[in-house]
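The primary structure of each chain is shown beneath.
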Amino acid sequence: MSQRILVATFDDEGDLLNAVTAVRRQGLRIEDAFTPYAVHGLDHAMGLRPSRLTWVCFVFGMAGAVGMLWFEHWVAAVSWPVNVGGKPWNSLPSDVPVAFEAAVLLAGFGSVFALFAVSRLYPGKQASVSHPGSTDDRFVLVIEETDATFDLSAVEQLLQTFHVVDTRELIREEGHGS
Amino acid sequence: MKSAPLVVPALLTRRLSVATLMGAAVLAGTAFVAPDRAWANLLLGSYFLITMGLGGALFIALTNVCGASWSVAFRRVPEAMAGLLPFGGVLLLVAVAVHLPQYAWHHHGQGDSGTFWFKELWLESKFFAVRAIGYVVLWVALSRILINNSRRQDLDNSTAATAANGVTSVVFLAAFAISISLASVDWIMALEPMWFSTIWGVYQFSGLFLGTLAAMVPACVILRRRGPLAGAFREEHLHDLGKLLIGFSCFWMYIWFSQYMLIWYSNIPEETSWFIRRTHGPWGPIVLASILLNWVVPFFVLLPRPCKRSESVMLKIAVVVLLGRWLDLYIMIFPSVTGNTPMFGLPEVSTIVGVCCLMAILFIRSFAAAGSVPHNDPFLADSLRYHA
């Protein structure tokens, strides 16, 4: 099965933001928007859910801290107790810096690799760019042409009011992400 | 950008004044019964006040030096907080003057001459007093320039004030970094002159800025509700204050622990004395409470984004952190002055209430003296459209 998408490009982030709002109000489905840099307020205009990545980050961070505290306790007090400066074997203050670093490390790596997994990124992946301008100076909006009622000329007319630079239709085989 | 002026009901002003006077009266009464306890409260209250004023000036200077535009819409709030400096400075100088004989190092150092020659030189009474005046004058002068330039721009609509404040801010940051380290060593660390900590200045800075950020949250929120900052102080600004608050809460914990851990690890008697007093016996739970209020609660509550954007959550956390700030100073000052038994009663409560009311009076007066929003600032439009 194939899918038709409409790729519209804009010159200005303000136009893209307004177009996104208008297109959504028309009940059209936005597949995604591609911009050269993060446009503030775009996620809100597109009605995206808050990212769940923060929770991944939190869970990994806590796992790093708790896991490392347990490991340090096991190393220093259970498996091979060592007397350091006459301190008790299981001294919490000496465990904190490493637990802190482990929390930061796991939170960072956890977030990055969770992002890779969710967006199916891997080394050597072929890039599929809807419009090459989105990596340079163009703001790209991809609209799904899902049903038979999709009226191309009406949509193009709507986009004209937001100074759309260029629109083109693409047919995409199912299973190939954009 | 039009902004409503700040209207304060006469009744509120009168109540604040009465509460301040009552606090002062209780403190004066305590001075006859228990002079040390009264003085510890006076030092804590005036240091709290002066560091709030410094924090306000620091916030302005930091954002100016970074070229930050997001905070311009509510910059009159830190400016009004910097307006606490003259009065806080006078109060602190009174505290220093009253206690000068006890502060003096030579009471402790007799017979040790030679070993501690620098301490004796540095903590000599006259030099000590002159330095205290010097710090306060320096802070008042620099913060005055920052505030006046900003207010002048409201009238003459030129960008010269922005440029001038950029330069003043750089000078302030350099002067602040050195002077707060020295001043806090003089006024608080020297309460136990045999003890020393080389991270003291950073520790003081972290608590100072954390407390300032916490105080800015209710100030901005109340001013928005009452009108002067309506439409200017937005959810996005609250969100960013929340980010700074959680960030500096972690910074405070990081520095607190850095001081603790190095002293714990090396375990040298002249360094550990300070912490042994504060972590053993009845002070132990108070130190834990301070960590809870200053870091644990703000950190876990402010992690989710919606909490940083919620007025009610941010207000509650601001109160928690301000209590933590007081407790942090209480732990620094009281064991050195009043001994090993924690005291909490009428003098402490009335000082806290008095200082809060005094802060409110000074803040309101300073805020009402200028337009609620710096409407000629070239970055105001940026700030009003800002997205966190």
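A.B. asks: Quick question: what am I supposed to make of the overall build of chain A here?
C.D. replies: Counting its secondary structure elements, chain A contains five helices and four strands. Ordered by position from the N terminus, the helices and strands of chain A form the series β-α-β-α-α-α-β-α-β. Taken over the C-alpha trace, chain A has a radius of gyration of 25 Å; the compact-globule value for 178 residues is 16 Å, which it surpasses by more than 25%. Its C-alpha atoms give chain A principal-axis dimensions of about 80 × 35 × 30 Å. By the burial criterion, 31% of the 178 residues in chain A qualify as buried. Of the contacts formed within chain A by residues at least 6 apart in sequence, a portion of 79% connects residues at least 24 apart.

A.B. asks: Just checking my understanding: could you explain the packing of aromatic side chains for this structure?
C.D. replies: Pairs of aromatic rings are described using the distance from one ring centre to the other and the angle between the two planes. Considering all chains together, one arrives at 45 aromatic pairs over all chains under this definition. With a centroid separation of 6.3 Å and an interplanar angle of 85 degrees, the aromatic rings of Phe58(A) and Phe300(B) are classed as edge-to-face. With Phe58(A) in helix 3 (residues 53–79) and Phe300(B) in helix 12 (residues 283–302), the pair connects residues from two separate chains. On the basis of relative accessibility, which here comes to 27%, the residue Phe58(A) falls in the partly exposed class. Summarising the aromatic geometry, the rings of Phe209(B) and Phe248(B) are spaced 4.8 Å apart at their centres and angled 70 degrees between planes, so their arrangement reads as edge-to-face. With a gap of 39 residues between them, Phe209(B) in helix 9 (residues 200–226) and Phe248(B) in helix 10 (residues 235–266) connect regions that are remote in the sequence.

A.B. asks: What is the right way to look at the interface of chain B and chain A in this model?
C.D. replies: For interface size, the figure often reported is the accessible area lost on association. Contact residues are listed per partner, giving eleven residues for chain B and eleven residues for chain A. The interface formed by chain B and chain A contains zero salt bridges. The greatest single-element share of the side of chain B that touches chain A, amounting to six residues, is contributed by helix 10 of chain B. Of the residues belonging to the side of chain B that touches chain A, the class tally is nine nonpolar, two polar and no charged.

A.B. asks: Explanation requested: the pattern of salt bridges in the structure shown.
C.D. replies: Pairing is possible between side chains of opposite charge, provided their charged atoms come close. Residues and elements named next belong to chain B. For the structure on display, the rule yields 18 salt bridges over all chains. For Arg131, the salt bridge is made with Asp186, and the minimal N-O distance between the two is 2.8 Å. Of this pair, Arg131 sits in helix 7 (residues 125–156) while Asp186 sits in helix 8 (residues 160–187), placing them 55 residues apart in sequence. We note that Arg131, like Asp186, is buried. When the shortest N-O distance is used, the salt bridge between Arg309 and Glu235 registers 3.4 Å.

A.B. asks: Can you walk me through the domain arrangement of chain A in this structure?
C.D. replies: Domain annotation for chain A reports domain 1 (2–50 + 128–173) and domain 2 (53–118). A C-alpha centroid distance of 44 Å is found between domain 1 of chain A and domain 2 of chain A.

A.B. asks: Mind showing me how you'd approach the pairing of strand 3 (residues 139–145) of chain A here?
C.D. replies: Most of strand 3 of chain A is tucked away, with seven of its seven residues classed as buried. Residues Phe139(A), Leu141(A), Ile143(A) and Glu145(A) line one face of strand 3 of chain A and the alternating positions Val140(A), Val142(A) and Glu144(A) line the opposite face, and both faces are buried.

Rules of the game
Residues numbered from 1 in each chain as written. Chains lettered and ligands numbered in written order. Predicted model: local features only at pLDDT ≥ 70, side-chain atom pairs only at ≥ 80, totals over all residues. Heavy atoms only, no water. Helix = DSSP H or I, 4+ residues; strand = E, 2+ residues; numbered from the N terminus. Rg over C-alpha atoms; globule rule 2.2 N^0.38 Å. Buried < 20%, exposed > 50% of the residue type's maximum accessible area, 1.4 Å probe, protein only. Contact = heavy atoms within 4.5 Å. Phe/Tyr/Trp six-rings, centres within 6.5 Å; stacked < 30°, edge-to-face > 60°. Salt bridge = Lys/Arg side-chain N within 4 Å of Asp/Glu carboxyl O. Nonpolar A, V, L, I, M, F, W, Y, C, P; charged D, E, K, R; others polar. Domains from an automatic or database assignment.

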